[in-house]
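# Structure assessment
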Amino acid sequence: MSNGLNIHQNVAPNVSIPLNLNTNKTVEACRAAIAGKSKGIRALLPFLGPAFVASIAYMDPGNFATNISSGSEFGYNMLWVAVLANMMAMLLQNMSAKLGIATGKNLPELCRAHFSRWTSLTMWGISELAAMATDLAEFLGASLALNLLFGIPMLYATILTGLTTYFILMLDRFGFRPLEKFIAGFSLLIGACYLIETFLSHPDFAQIAYHSVVPWLGNSDSIMLAVGVIGATVMPHAIYLHSGLTQNRIVPRNDNDKIKLQKFNTKEVFIALGFAGLINLAMMYMAAAAFHTTGHSSVADIQSAYKTLTPILGTAAASVFLISLLFSGISSSVVGTMAGQVIMQGFVGFSIPVWARRIITMLPTVVIVALGVDPTMTLVISQVVLSIVLPIPVITLIYFTKRKDIMGVLVNKRWITVSSIICAILILFLNLLLIYQTLGGKIPLLSN
């Protein structure tokens, strides 16, 4: 049963990980569910974990920045982008988790095994840049929350965030379950904050229902935000990480075990990513209700959002907003570090100590804070960078999961492959459109 902890040895090989009682019970409960000895919610509970860890990446501070900008500038019109991005996330994360179950390897490891060394090294370099962009957003978000909530200077807040996330990562030495529960708890706290914000902001639910399903093209200004929303929602590092979280959590003994594991995995992905999707919608419609409908359509950064919320909805709403940002920044930074270790171990075959990665990935944030660069604009740009990198893990994920010689009984069904290819094409199209606009190109149908 110790195989269930291999992923954590990959994530932090410098840490000794004993098999504790909590983890033993989880593995035993999963085995009982696979054997049909438990039913219903009792059978599902021990499988809840990996998708909740991955889902934190879908409600990180980058989401706050892009969703606030979208909601304040365009009202409810961009909600359909958040819904579309979340549907894409569900599909791709489920494929990633399935890859780990089917092969016992994570996505970067399969890339290293099947591609040339030069290709793997190039993918590793690009993926590390994406991981650093992710960590930049997460650190800045948590640091901003500490600064605005408690008046802690940004530089000290950044260091405090780094130390906090490092100590949380040390839970990993007690097995996979304590860290999963801790991160799932953060997810629920973020959700609770936005439930409160929903009551306080009084959004128009008819508008939410309509614009969640009816596409709106808008003007050229909305394209960058649309790409940013997708980049903030469908995360490259989360796609890499999810396969690592499932690759050895519960080791299937035969094909029948793999099929049953995947069924439980699909349910968990639907629950965890569905919950993350609701939070993303709440971020955007809260900004639409609080800012756009009150004539504050230029609120495009977190500091302005906090200051504007206070007179509109009161101090409580502003404080709850910052508390959710703090929970988001800390938990997503933990997940980002885990993903960085999986990416390095998979692509190049070795890992560095968690403390070293924590320091290295903190440095860009420390430099940006020290130089006084606008934090929220940096957050938005980081999400656009992530969206541009995103096609790489998506394409490789499709390539491996459609191959029966690799996936066996869990090979993609045709509709899954077709749907994921459509996702990849859409991502590529939006990215090319963004690059064209950035280089000065004009799109007549979307002109201001």
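Before reading on, note that the structure itself is shown above.
The written sequence of each chain sets the order in which its residues are numbered from 1. Per-residue local features are limited, in this predicted model, to residues with pLDDT of at least 70; the limit for side-chain atom pairs, both in listing and counting, is 80 or more; totals at the level of whole chains, interfaces and linings are taken over all residues. Side-chain metrics in this entry use all non-hydrogen atoms of the structure; hydrogen atoms and water are not considered.

### Re the nonpolar core
What counts is decided by this rule: We define a nonpolar core as any set of buried Ala, Val, Leu, Ile, Met, Phe, Trp, Tyr and Cys residues linked to one another through side-chain atoms lying within 4.5 Å. Three exposure classes are used, based on accessible area relative to the maximum for each residue type with a 1.4 Å probe and protein chains only: buried under 20%, partly exposed in between, and exposed over 50%. Think of it this way: any DSSP run of H or I at least four residues long counts as a helix, any run of E at least two long counts as a strand, and we number them from the N terminus. The contact criterion used throughout is that any non-hydrogen atoms of two residues lie within 4.5 Å.
Residues Tyr-194, Val-234, Phe-321 and Met-338 are the most contacted members of the largest nonpolar core, which totals 124 residues. No other element matches helix H14 (residues 255-290), which puts 17 residues into this core. The contact partners of Val-234, leaving out residues within four places of it in the chain, are Tyr-58, Ala-85, Met-88, Ala-89, Leu-92, Ile-239 and Leu-390.

### Comments concerning the packing of aromatic side chains
Selection criterion: Here the aromatic set is Phe, Tyr and Trp, taking the six-membered ring for Trp, and pairing holds for ring centres within 6.5 Å; pairs whose planes are under 30 degrees apart are stacked, those over 60 apart are edge-to-face, and all others are tilted.
One pass over the structure, following the stated rule, counts nine aromatic pairs. Centre to centre, the rings of Phe-47 and Phe-264 are 4.2 Å apart; their planes meet at 5 degrees, and the pair counts as stacked. Residue Phe-47 is found in the loop between helix H3 (40-44) and helix H4 (50-55), and its partner Phe-264 is found in helix H14; the two are separated by 217 residues along the sequence.

### Examining unusual backbone geometry
The residue His-202 is not glycine, and still its phi comes out positive at about 50 degrees. Here His-202 lies in the loop between helix H10 (176-201) and helix H11 (205-213). For His-202, a relative accessible area of 65% corresponds to the exposed category.

### Regarding the layout of surface pockets
Selection rule: Grid points spaced at 1 Å over the protein atoms alone were grouped into cavities, where a 1.4 Å probe fits but cannot get out, and pockets, open sets with protein on both sides within 12 Å along at least five of seven lines, with lining residues defined by an atom within 4 Å of a point. Grid points are joined across faces, edges and corners, and a volume is the space filled by probe spheres set on the points. Polarity classes work like this: nonpolar for Ala, Val, Leu, Ile, Met, Phe, Trp, Tyr, Cys and Pro, charged for Asp, Glu, Lys and Arg, and polar for all others, with Gly in that last group.
Size it by volume and the largest pocket reaches roughly 530 Å³. Along the wall of the largest pocket there are 21 residues; nearest its centre are Asn-94, Gln-262, Thr-266, Trp-415 and Ile-416. Elements supplying a minimum of two residues to the lining of the largest pocket: helix H6 (79-103), H14 and helix H21 (414-438). Here the lining of the largest pocket gets eight residues from one element, more than from any other, and that element is H6. Its residues placed into classes, the lining of the largest pocket shows 15 nonpolar, three polar and three charged. Reported here for the second largest pocket is a volume of approximately 270 Å³.

### Here's the deal with the pattern of salt bridges
Inclusion rule: The rule for a salt bridge is simple: a side-chain nitrogen of Lys or Arg has to be within 4 Å of a carboxyl oxygen of Asp or Glu.
Summed over all chains, the structure comprises four salt bridges. Among the salt bridges present, the one from Glu-180 reaches Arg-249, with a minimum N-O distance of 2.9 Å. Here the residue Glu-180 occupies a position in helix H10, and Arg-249 occupies one in the loop between helix H13 (236-246) and H14, the gap between them amounting to 69 residues. The closest approach of N and O atoms between Asp-405 and Arg-403, which form a salt bridge, is 2.7 Å. When its relative accessible area of 59% is taken as the criterion, Asp-405 is described as exposed. What you see here is one network of salt bridges that share partners, running through Arg-177, Glu-180 and Arg-249.

### Regarding empty space enclosed by the protein
Regions of empty space are outlined by a rolling probe, equal in size to a water molecule, passed over the atoms. Taken as a whole and judged by the stated rule, the model has three cavities of 30 Å³ or more. Lining the largest cavity, in full, are Phe-47, Pro-50, Ile-101, Thr-246, Arg-249, Ile-250, Leu-261, Phe-264, Asn-265 and Glu-268. A total of four residues in the lining of the largest cavity trace back to one element, the largest contributor, which is H14. For the lining of the largest cavity, the residue count by class is six nonpolar, two polar and two charged.

### Details of H13
Across the eleven residues that make up H13, a large majority, eleven, are buried. All buried positions along H13 are accounted for by Pro-236, His-237, Ala-238, Ile-239, Tyr-240, Leu-241, His-242, Ser-243, Gly-244, Leu-245 and Thr-246.

### Notes on the packing of helix H16 (residues 315-348) against helix H17 (residues 354-371)
Filter applied, for reference: For helices, the axis comes from a line fit to the C-alpha atoms of the stretch in contact; other axes are also lines fit to C-alpha atoms, and the angle between any two N-to-C directions lies between 0 and 180 degrees. The labels follow the angle: roughly parallel below 35 degrees, roughly antiparallel above 145, roughly perpendicular from 65 to 115, and oblique for the rest. Take the far helix as your reference; a near helix turned counterclockwise from it by less than a right angle gives a left-handed crossing, and one turned clockwise gives a right-handed crossing.
Orientation of H16 relative to H17, taken along the N-to-C sense of each, is 110 degrees, at an axis distance of 10 Å. In terms of their interaxial angle, H16 and H17 are classed as roughly perpendicular. Relative to H17, the crossing made by H16 is right-handed. When H16 is examined against H17, the residues Ser-333, Thr-337, Gly-340, Gln-341 and Met-344 are found in contact with a partner set consisting of Val-354, Arg-357 and Arg-358.

### Observations regarding a nonpolar patch on the surface
What counts here: Patches draw on residues past 30% relative accessible area with no salt bridge. Two like charges within 9 Å are joined, as are two nonpolar side chains (Val, Leu, Ile, Met, Phe, Trp, Tyr) within 5 Å. Values of accessible area rely on a 1.4 Å probe in the Shrake-Rupley scheme; residue burial ignores everything except the protein chains shown.
Among the surface-exposed residues, Leu-155, Tyr-156, Ile-159, Leu-163 and Phe-167 lie close enough to one another that they form a single nonpolar patch of about 530 Å² accessible area. Its place among the elements puts Tyr-156 in helix H9 (residues 154-169). In this structure Tyr-156 comes out as exposed when scored by relative accessible area, which is 56%.

### Focus on the packing of helix H7 (residues 107-114) against H16
One way to put it is that H7 packs onto H16 with a least axis distance of 7 Å and a crossing angle of 15 degrees. The pairing of H7 with H16 is recorded here as roughly parallel in orientation. The handedness of the crossing between H7 and H16 comes out as right-handed. Two secondary-structure elements touch here, H7 through Pro-108, Glu-109, Cys-111 and Arg-112 and H16 through Val-342, Ile-343, Gln-345, Gly-346, Phe-347 and Val-348. Classifying every residue of the contact of H7 with H16 by side-chain character gives six nonpolar, two polar and two charged.

### Thoughts on H7
Rules: Polar contacts, as used here, are pairs of N or O atoms within 3.5 Å; protein pairs need one atom able to donate a hydrogen and one able to accept it. Residues neighboring in sequence count only if both atoms are side-chain atoms.
Of the residues making up H7, those classed as buried are Leu-107, Pro-108, Glu-109, Leu-110 and Cys-111. For H7, the side-chain oxygen to backbone nitrogen distance between the N-cap and Glu-109 is 2.9 Å, and the N-cap itself is Asn-106.

### Focus on the side chain of Gln-262
Mapped onto the fold, Gln-262 is located in helix H14. With residues near it in sequence (within four places) discarded, Gln-262 still touches Asn-94, Lys-98, Ile-101 and Leu-410.

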